[in-house]
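# Structure assessment
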Amino acid sequence: MQDLEIVGQVIAGDIANILVREKSGKKLELGDLLVAEEGDSRLLILKVYGLVYGSQVPQLAREMASGLKLEGLGAGLDYFEPHLRNYVIAEVKAIAQVINNKARIPKSLPTFFSAIRHIKKEDLAFLTKPDNPIFFGNVRSGSKVLDVPVFLNGSDVFTHHVLIPATTGRGKSNLVKVLLWNALGSGGKFGILVLDPHDEYYGRHGKGLKDHPSAKQDLVYFSTTPVKAANTLVINLQSIKPWYFDGIVRFTDAQNDAIDQYYNAFNDTWIENVIRDTPLPNGVTIAPRTLGVLRRKFDSVLGIYLDDADQLQCRSKIFSDNSGETTMQDIINSLEAGKIVVIDTSRLLDQAELLIGSIIVGDIFSRYQKYKSDGRLNDKPVISIVIEEAPRVLGTNVLESSGDNIYNTIAREGRKFKVGLTAITQLTSVIPKTVLTNINTKIILGNEMSVERRAVMDSASQDLSDEDRTIASLDKGEAIISSSFVKFAIPIQIPLIDEIIAEDNEPQNSPKRRVVG
Amino acid sequence: MVYKFAHLSDCHIGAWRDTTLKEMNIKAFEMVFDRCMEEKVDFIIIAGDFFESNMPDLESVQRATEKLRQVKDAGITTYIIYGSHDYSATKLSMIHILESAGLFRKVMEPQTLDNNRITLTVFTDIKTGAKITGMSGRALSLEKTYFEMLDHESFAELDGFKIFVFHSAINELRPKDLAHATSMPLSLLPPGFSYYAGGHVHSRSENKYGNGLIVYPGCIFGTDARDLEHTARKEKRGFYIVEFDTQVKKLKFIEMSPCEIISKTIDADKKTASQVQSALDQYASGIAANGKVILIRLQGTLSAGKPSDIDTNPAKELLKKNGSITVNISKFGLATQEVTKIAVMGETKEQIEEKLFKQRLAAFKLDPSIKDLKVRSFVSKLLIGDGGTTLAKDLVSVLRDDQKDNESKVIFEERIVGDALAKLKVDELE
Ligand SMILES: Nc1ncnc2c1ncn2[C@@H]1O[C@H](COP(=O)(O)OP(=O)(O)O)[C@@H](O)[C@H]1O
Ligand SMILES: [Mg+2]
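Residues numbered from 1 in each chain as written. Chains lettered and ligands numbered in written order. Predicted model: local features only at pLDDT ≥ 70, side-chain atom pairs only at ≥ 80, totals over all residues. Heavy atoms only, no water.

## Examining the packing of helix 9 (residues 327-336) of chain A against helix 10 (residues 350-374) of chain A
Residue and element names in this part refer to chain A. Here helix 9 crosses helix 10 at 55 degrees, and the two axes come no closer than 10 Å. Taken together, the axes of helix 9 and helix 10 lie oblique to each other. Handedness of the helix 9/helix 10 crossing: right-handed. Residues Met 328, Ile 331, Ile 332, Asn 333, Leu 335 and Glu 336 of helix 9 form the contact with helix 10, whose participating residues are Ile 359, Ile 360, Asp 363, Ile 364, Arg 367, Tyr 368 and Tyr 371. Tallied by class, residues from the contact of helix 9 with helix 10 come to nine nonpolar, one polar and three charged. (Axes fitted to C-alpha atoms, helices over the stretch in contact; angles between N-to-C directions. Helix = DSSP H or I, 4+ residues; strand = E, 2+ residues; numbered from the N terminus. Parallel < 35°, antiparallel > 145°, perpendicular 65-115°, else oblique. Left-handed = near helix turned anticlockwise from the far one by under 90°. Contact = heavy atoms within 4.5 Å. Nonpolar A, V, L, I, M, F, W, Y, C, P; charged D, E, K, R; others polar.)

Now the structure itself:
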């Protein structure tokens, strides 16, 4: 290590709290990544968790000196060689040991008195680009961004679920845009379903995923108010199976029984027949009150009712009895072809949005289950389902009151079938621990609520107990990736999507087209 | 003043190898045109695939020309666009020839606005003042690209009764059995027209779009066994007569059928070959066959015996003897437990072909060393997924074509190669 590089020296501490004296003027920061070299191709990566003052001068003497100065009695008074007497002590912890370019969990202390320097690009050469790479951001040391991109294997990460926890405004949506942008360029490796309640991903009004060079082939956008070339979100009532309501709409036993009867009798047209009050062919009768309540539920959730001319109508126009017959198949085929499907649900009621999600997710999941049993799963792209405000489907209270739903099932066993969740949330604490521990990768953005930080840290793949303060102070776009697919919790800086879009969109001349016919 | 026009599509004149069915198809077309004259419509719109190919056989052309001529003499203009079948990127097409003779008025006339945008000339029907424009269909739904380039603004100022003619399946409106066909989103249709005259989809549908209507009359007869089975089940065949002033006043579907079609599936599952044989013979002896087209499909996995053990000839003979005009008994859906592995099962020959193509194409991967996005996109559109299946089917249908009378071997070869290259869209690869 060259003298110029040295920023401090190990002077005391224990494995959980190593003390490093800061070289004067080096201004270490919270979250800085430091390195202690341990001989040829061995090093320890340390992270700064705390900063305190140290001094050779007894406290009383310091108070006295300060008093004299402040009260104007000691104008010429100063410490002899002040940087030797007063200094900063950094509290650091080893987060990784690197031996021959391989990282592992550190189990020893750095050599006593060893010199410490800032981390360099070369120290992180073990962060290589994996197969199926997805770019998350660059390694960050404190608030300094290194020229070291962090890629994780998208297939691993997406199938083992991703959690993106943060309070509003810390960059969750930006991060999802960055992930989707990179997935779009992957040539069909990932089929990603995005339920977008804020209609913010496609880029209807400004820049967005639609500006990706591969958007035309690999991005599919559905909206109830489609822009030119987008698809209309219209779903045929016949695509709705009774079990799609599980965990989303609560039915009583009597109602469930009625639903079963109608589904058995009329199959795909069961909803229409409930609404039309068609008598059951097998002579079974259902209490008119039960059917009445069902009709009201269909009205409130689906917006479906009979008009004066006995025509089925849908208030929101999303559900229909004569169009949208292939919408579900279109969506699922697109996902299976490794495309990104963005569904603008901004004009839907909460329950309708969840129901649509549940239909698509249920269909793709059962398709993938079938592929697995047929031995064809290997050829299929990984599926991820991006869901905003995840507690709406994964919250403890929802799971307790409405029972299991498809999202919960996927959290538990989706990985076996290459189907994963990407759950975005402000409130991690309301998601049950069993679900959280199934979510392998957490991309932790800033959060000022300690309950939420605790919930995230408690379920992380690495021991993050010392990161509480760091997470509280993460700025927009600053994050920590904790995952079993990384050797240590990597601090990253997520780029701003607008900059990526500008970079990837160098203007090019499109060839002139001949239009005939 | 209320006017009326006829809207039909997908006549596919020249289709069918079976001479009876070919004749029925042409007859259906003649019936439709006769009815148009009877009804004294002001004009006729044909939304694509008038002919089965760009250059159909001459007998068929002669029959079509005669009718078109009668209609023209009756003072009725026929407006037309190309469909996915009757256009050729490299060769002349019969539609073009008949247009030169004044029998048609083609309503797709693109104009380039700039590198990325086109608009379409709007024609005004002199008699009624109706404004008509349209977008032809192209093989592989290539017209989708044109739709993407189409400037919607340029039609914003049009007033009066406006018709947009097109030959494409629409994602939101297509029936379930077209889920795998190429198709485009509704939002690519320019808004604001009073009537969207659709073609390409072989089943009938009526839908609202803004203040207008999107109407598909479906094919008038059909081009394959699947179409005929649909006819036998519930699908009505015919065309629309639309009454209008500044809006649609009345939409009337005129049902037409040149013959009755009966379609029957005999379930062969878990039956022995001889059981199926007697079920078939029994069915054949029990139906009134006179004047009907009869399609029978044997379907399922035999518990004993092979499909070849079942002789369909006695049933066929009997039905013919009883007056059936054509009989088709299909064994493509039969499998047997005696053979260890059946690669593909399907209902019709076309479906089996399609499944086989799909299976093979699933294994096809784009060479990752091809980096140029434009090339990647071109090749993947052409070969991967539905595009590939369609291309394979199109190529097979081109290569299946027979040498025409009066066509020398050299010309025949040239034509087939040209058509095949057109399907491969080599002209797009600049
Ligand atoms: N990685 C980033 N770098 C810089 N600024 C960012 C970054 N991510 C987000 N921001 C800023 O923060 C704002 C809020 O981000 P957003 O992604 O909408 O947050 P959230 O979804 O968590 O509410 C954005 O408008 C953007 O200006
Ligand atoms: Mg957000």
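## What about the interface of chain B and chain A?
Interface size is commonly expressed as the accessible surface area that is lost when the partners come together. Every contact between the two is made by 35 residues of chain B and, on the other side, 32 residues of chain A. Of all residues in chain B, the largest losses of buried area upon contact with chain A belong to Asn 115, Glu 172 and Lys 176 of chain B, amounting jointly to 22% of the total for that side. Of the charged contacts, one joins Lys 216 of chain A and Glu 148 of chain B as a salt bridge, the two residues approaching to 3.1 Å between their closest N and O atoms. In this structure, the connection of chain B to chain A is made through 13 residue pairs in polar contact (both at pLDDT 80 or more). For the side of chain B that touches chain A, the secondary structure elements donating two or more residues are helix 4 (143-149) and helix 9 (373-383) of chain B. (Buried area = accessible area lost by both parts, 1.4 Å probe. Salt bridge = Lys/Arg side-chain N within 4 Å of Asp/Glu carboxyl O. Polar contact = N/O pair within 3.5 Å; in protein donor to acceptor, adjacent residues only side chain to side chain.)

## A look at the packing of aromatic side chains
The final tally for this structure, using the stated rule, is 38 aromatic pairs over all chains. The interplanar angle of 70 degrees and the centroid separation of 6.4 Å between the aromatic rings of Trp 16 of chain B and Phe 221 of chain B together place this pair among those described as edge-to-face. Of this pair, Trp 16 of chain B sits in the loop between strand 1 (3-8) and helix 1 (19-38) while Phe 221 of chain B sits in the loop between strand 12 (212-216) and helix 5 (225-233), placing them 205 residues apart in sequence. Like Trp 16 of chain B, the residue Phe 221 of chain B is buried in the burial classification. Over the ring of Phe 417 of chain A we find Lys 372 of chain A; its NZ or CZ atom is 5.5 Å from the centre of that ring. Against the face of Phe 253 of chain B rests Arg 204 of chain B, its NZ or CZ located 4.2 Å from the ring centre. (Phe/Tyr/Trp six-rings, centres within 6.5 Å; stacked < 30°, edge-to-face > 60°. Buried < 20%, exposed > 50% of the residue type's maximum accessible area, 1.4 Å probe, protein only. Lys NZ or Arg CZ within 6 Å of the ring centre and 35° of its normal.)

## Brief notes about the site of ligand 1
Residue and element names in this part refer to chain A. By nearness alone, 13 residues border ligand 1, and Gly 169, Lys 172, Ser 173, Asn 174 and Ile 494 come closest of all. Between an oxygen atom of ligand 1 and a main-chain N or O atom of Arg 170, the distance comes to 3.4 Å. In the complex, the protein chains occlude 68% of the 560 Å² of accessible area that ligand 1 would expose alone. For the shell around ligand 1, the class distribution of residues is three nonpolar, seven polar and three charged. (Near = heavy atom within 4 Å. Areas by Shrake-Rupley, 256 points an atom, 1.4 Å probe, with all protein chains shown as cover.)

## Some points on the sheet that holds strand 18 (residues 340-344) of chain A
All names here are of chain A. Sheet architecture is open: twelve strands sit in the order 9-8-23-22-21-10-20-19-11-18-12-13, paired in mixed fashion. Each of the sheet's edge strands pairs with one partner strand only, and the pair in question is strand 9 (144-153) and strand 13 (231-232). Pairing of strand 11 (residues 190-196) with strand 19 (residues 382-387) involves six bridges; the strand directions are parallel. By the bridge assignment for strand 19, Phe 190 is matched with Val 382. Set on the sheet, helix 13 (residues 406-413) makes contact with strand 11, strand 19 and strand 20 (419-425); between it and strand 20 the angle comes to about 115 degrees. (Pairing = 2+ DSSP bridges.)

## With respect to the side chain of Arg 170 of chain A
Residues and elements named next belong to chain A. Locating Arg 170 in the fold gives a position in the loop between strand 10 (162-165) and helix 4 (172-184). Judged by relative accessible area, Arg 170 falls into the buried class, the value being 16%. Discounting chain neighbours no more than four positions away, the residues touching Arg 170 are Leu 445, Gly 446, Asn 447, Glu 448, Ala 472, Leu 474, Lys 476 and Gly 477.

## Some remarks on the layout of surface pockets
The calculated volume of the second largest pocket comes to roughly 1,100 Å³. Mapped onto the lining of the second largest pocket, the elements with two or more residues apiece are strand 16 (312-314) and strand 17 (319-320) of chain A together with strand 11 (205-209) and strand 12 of chain B. Looking at the lining of the second largest pocket, the element that brings in the most residues is strand 11 of chain B, giving four residues. Of the residues contributing to the lining of the second largest pocket, the split by class is 16 nonpolar, 14 polar and six charged. (1 Å grid on protein atoms, 1.4 Å probe; cavity = no way out; pocket = protein on both sides within 12 Å on 5 of 7 lines; lining within 4 Å. Points joined across faces, edges and corners; volume = space filled by probe spheres on them.)

## Re the domain arrangement of chain B
Residue and element names in this part refer to chain B. Per the domain assignment, the segments making up chain B are domain 1 (3-255), domain 2 (260-343) and domain 3 (351-429). The straight-line distance from the C-alpha centre of domain 1 to that of domain 2 is 37 Å. Contacts between the two partners involve eleven residues from domain 1 and, on the opposite side, nine residues from domain 2. Approximately 790 Å² of surface area, both sides summed, lies buried where domain 1 meets domain 2, with 63% of it carried by carbon and sulfur atoms. Connecting domain 1 to domain 2 are one salt bridge. Salt-bridge contacts for Arg 297 lead to Glu 229; the nearest nitrogen and oxygen are separated by 2.4 Å. Counting across the interface, domain 1 meets domain 2 through three residue pairs in polar contact (both at pLDDT 80 or more). If you list the elements that add at least two residues to the side of domain 1 that touches domain 2, you get helix 1 and helix 5. With six residues, helix 5 is the single largest residue contributor to the side of domain 1 that touches domain 2. For the side of domain 1 that touches domain 2, a count of residues per class yields six nonpolar, two polar and three charged. (Domains from an automatic or database assignment.)

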